[in-house]
Amino acid sequence: MTARTSLTVVLAAGEGTRMKSALPKVLHPVAGQPLLAHVLEAAPHGAGTALAVVVGPDHAAVEAEVRRLRPDAKTFVQQERLGTAHAVLAARRAIADGADDLLIAFGDTPLISAETFARMRAPLADGAALAVLGFRAADPTGYGRLLLDGEHLVAIREHADASPAERKVTLCNAGVMAFDGRKALQILDRIGNSNSKGEFYLVDAVSIVRDMGLEAVVIETSEDEVRGINTKAQLAEAEAVMQARLRKAALDAGVTLIAPETVFLAADTKFGRDVTIEPFVVIGPGVSIGDGTVIHSFSHIVQSSIGKKAQLGPYARLRPGNTLADNTKIGNFVEMKATTLEAGVKVNHLSYVGDAHVGAASNIGAGTITCNYDGFAKHKTTIGAGAFIGTNSSLVAPVKIGAGAYIGSGSVITKDVPDNAMAVERSPQTIREGGATRYRELKTGGMTKKSVE
Ligand code: UD1
Ligand code: CA
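Asker: Kindly report on the site of ligand 1, identifying the contributing residues and their values.
Answerer: Around ligand 1 sit 23 residues, and of these Gly14, Gln78, Gly144, Glu158 and Asn173 come closest. Between ligand 1 and the protein, one listed contact pairs an oxygen atom with a side-chain N or O atom of glutamate 158 at 2.5 Å. Isolated, ligand 1 exposes 760 Å² of accessible area, and the fraction of that covered by the protein chains is 91%. The cavity where ligand 1 resides is the largest pocket. Among the elements of the structure, strand S1 (6-12), helix H3 (84-89) and strand S10 (171-180) are those that each provide at least two residues to the shell around ligand 1.

Asker: Now, about the packing of aromatic side chains: what can you tell me, with residues and values included?
Answerer: Following the criterion strictly, the structure yields 5 aromatic pairs and no others. With a centroid separation of 5.5 Å and 5 degrees between ring planes, the pair formed by phenylalanine 280 and phenylalanine 298 is classed as stacked. With phenylalanine 280 in the loop between strand S14 (276-277) and strand S15 (282-283) and phenylalanine 298 in the loop between strand S17 (294-295) and strand S18 (300-301), this pair connects stretches of sequence that are 18 residues apart. For phenylalanine 280, a relative accessible area of 47% translates into the label partly exposed. Judged by relative accessible area, phenylalanine 298 falls into the partly exposed class, the value being 41%.

Asker: Give me the environment of histidine 349: which residues, what numbers.
Answerer: With respect to the element layout, histidine 349 can be found in strand S26 (residues 346-349). Through-space distance from the C-alpha of histidine 349 to that of threonine 430 is 29 Å; in sequence the pair is 81 residues apart. With sequence-adjacent residues up to four places away left out, histidine 349 is seen in contact with Asn332, Phe333, Val334, Gly365, Ala366 and Gly367.

Asker: I'd like a description of the side chain of threonine 116, backed by residues and values.
Answerer: By the element assignment, threonine 116 lies in helix H5 (residues 114-125). On the basis of relative accessible area, threonine 116 is assigned to the buried category, the value being 3%. With residues near it in sequence (within four places) discarded, threonine 116 still touches Leu133, Thr221 and Glu225.

Asker: Please give an account of the pattern of salt bridges that cites residues and values.
Answerer: In the structure shown here, the tally under the stated rule is 19 salt bridges. Between arginine 81 and glutamate 15 there is a salt bridge whose closest N-O contact spans 3.7 Å. With arginine 81 in the loop between strand S5 (74-77) and H3 and glutamate 15 in the loop between S1 and strand S2 (29-30), this residue pair connects regions lying 66 residues apart in the sequence. Among the residues examined, arginine 81 registers a relative accessible area of 27% and is labelled partly exposed. For the salt bridge of arginine 319 with glutamate 335, the shortest nitrogen-to-oxygen distance reads 2.7 Å. Within this pair, whereas arginine 319 is found in the loop between strand S21 (316-318) and strand S22 (322-324), its partner glutamate 335 is found in strand S24 (residues 334-337), the two being separated by 16 residues in sequence.

Asker: Please provide a residue-by-residue account of the sheet that holds strand S28 (residues 356-358), values included.
Answerer: Neighbouring strands of a sheet are bound in pairs by backbone hydrogen bonds; such pairs are parallel or else antiparallel. The sheet built from 8 strands is open, its strands ordered S13-S16-S19-S22-S25-S28-S31-S34 with parallel pairing. Only two strands of the sheet have a single partner each, and these edge strands are strand S13 (270-271) and strand S34 (399-401).

Asker: Give a description of the environment of arginine 70 that names residues and reports values.
Answerer: Structurally, the position occupied by arginine 70 is in the loop between helix H2 (60-69) and S5. Under the relative-accessibility criterion, arginine 70 is labelled buried at 6%. For arginine 70 and alanine 52, which are 18 residues apart along the polypeptide, the C-alpha to C-alpha distance reads 9.9 Å. Excluding residues that lie within four positions of it along the chain, arginine 70 makes contacts with Leu40, Ala43, Pro44, His45 and Leu51. Looking at arginine 70, its side chain comes within polar contact range of the main-chain oxygen of proline 44, at 3.5 Å.

Asker: Please give an account of the sheet that holds strand S35 (residues 406-407) that cites residues and values.
Answerer: On the basis of which strands lie adjacent, the open sheet formed by 10 strands has the order S12-S14-S17-S20-S23-S26-S29-S32-S35-S37 and parallel pairing. Looking along the sheet, the strands with just one partner apiece sit at the ends: strand S12 (256-257) and strand S37 (422-423).

Asker: Which residues make up the layout of surface pockets, and what values do they have?
Answerer: Looking at the largest pocket, its volume works out to about 1300 Å³. Lining the largest pocket are 45 residues, and of these Arg18, Lys25, Phe106, Asp108 and Asn230 sit closest to its centre. The element contributing the most residues to the lining of the largest pocket is S10, with 3 residues. Looking at the lining of the largest pocket residue by residue, the class counts come to 14 nonpolar, 19 polar and 12 charged.

Cut-off values and rules
- Residues numbered from 1 in each chain as written.
- Chains lettered and ligands numbered in written order.
- Predicted model: local features only at pLDDT ≥ 70, side-chain atom pairs only at ≥ 80, totals over all residues.
- Heavy atoms only, no water.
- Near = heavy atom within 4 Å.
- Polar contact = N/O pair within 3.5 Å; in protein donor to acceptor, adjacent residues only side chain to side chain.
- Areas by Shrake-Rupley, 256 points an atom, 1.4 Å probe, with all protein chains shown as cover.
- 1 Å grid on protein atoms, 1.4 Å probe; cavity = no way out; pocket = protein on both sides within 12 Å on 5 of 7 lines; lining within 4 Å.
- Sits in = over half its atoms within 2 Å of the grid points.
- Helix = DSSP H or I, 4+ residues; strand = E, 2+ residues; numbered from the N terminus.
- Phe/Tyr/Trp six-rings, centres within 6.5 Å; stacked < 30°, edge-to-face > 60°.
- Buried < 20%, exposed > 50% of the residue type's maximum accessible area, 1.4 Å probe, protein only.
- Contact = heavy atoms within 4.5 Å.
- Salt bridge = Lys/Arg side-chain N within 4 Å of Asp/Glu carboxyl O.
- Pairing = 2+ DSSP bridges.
- Points joined across faces, edges and corners; volume = space filled by probe spheres on them.
- Nonpolar A, V, L, I, M, F, W, Y, C, P; charged D, E, K, R; others polar.

These results come straight from atomic positions and should not be treated as a statement about function.
Dropping the structure here:
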């Protein structure tokens, strides 16, 4: 396109009361990212583009999220929620900078694409004062209706203010608008609040543009792209659309999904070549999976980087902060957190490995637990390369197991074990002849197990 400059203003100050949640609406996740993150990602980036986000007065969490996602963005607080046009004008100072194109988007419309933003800008370059994104709604209830006179867009009527005939219109306002940036303030300042809700409606910009003798046009897109999220049901619908997109993108990129409809991905999931994901796998944010790795069924993975030719699951759980090198193997009912496994490490069965570093080719036996939490703080377990941890061992952190060390099964390890040493630590087994009979007598006599011992 041309070298026109742009300002995108994203409205995110609404309370989202219909979500019935303490969390601000735009922070609800779709595909592992807040609604707002998807919009900020699609908004124009780079040279000649500016970004402003309008947040509510009690929404420090939204501001923090904006800073994390797009440090280049300015945030503006809308002190009172007096409607969408009022919200846009909270960013007056940014708008007054006079970018060529002023784009307005809603923070609750997460499926919008970068291509659509680009399409909205084209009519402005051709002299239109306003472009409105429209879509044909299967059920238009609640949306603003686009009223046309022949080819020309003449007004947008909010559902609450629409006549029965207008309510039959299915061409709806998606919420995204593109203004000629130099005329925008003139238009926005003329918007009033004489409607059933007494709010300043951005949609009134259309009739004002017409009254000024300027051109307003509609750019159409699919309903799926512009679903506005007001309720939890709509949040779930958007998730379904997003998951379908992500699965298709993964398949197109060569990932094998045996039953794609059962696999859940995050918007930022990264795959190498020849990755296989078996049915019923959930992948949360921040996951990368290397070439040739297989994720078996019922595994749940977040914020972890998995190397090449690794095997995970079935029933593996990776919590945040793991790095698994190439050829590692994580078996069933293994939970890991903040752990690095160097190449070739095996943790095949029923283990918890947290806050740990495990050297190459070590074998962690079934039922091994890193006891990383003493009730006050988390402590680290370090295991050297080529170590063997016998089954059902408890490694009480902080603790270091040397390279090539051998831990006998059933050990409770509380002291560091040097390289190539062997440690076996078990309570002596006590046998009392007839003890079981005595125990049962005491128990039926009303004694508790504790008082028996
Ligand atoms: C809005 C449109 C409607 C359109 C629909 C598409 C208006 C008046 N209505 O209705 O035509 O069909 O979106 O999804 O524009 N917001 C603020 N401050 C406010 C009010 C809203 O920041 O004072 C923000 C909200 O956070 C939200 C967006 O503006 O991101 C839209 O507000 P919402 O109340 O969801 O509008 P809808 O009723 O969905
Ligand atoms: Ca909405």
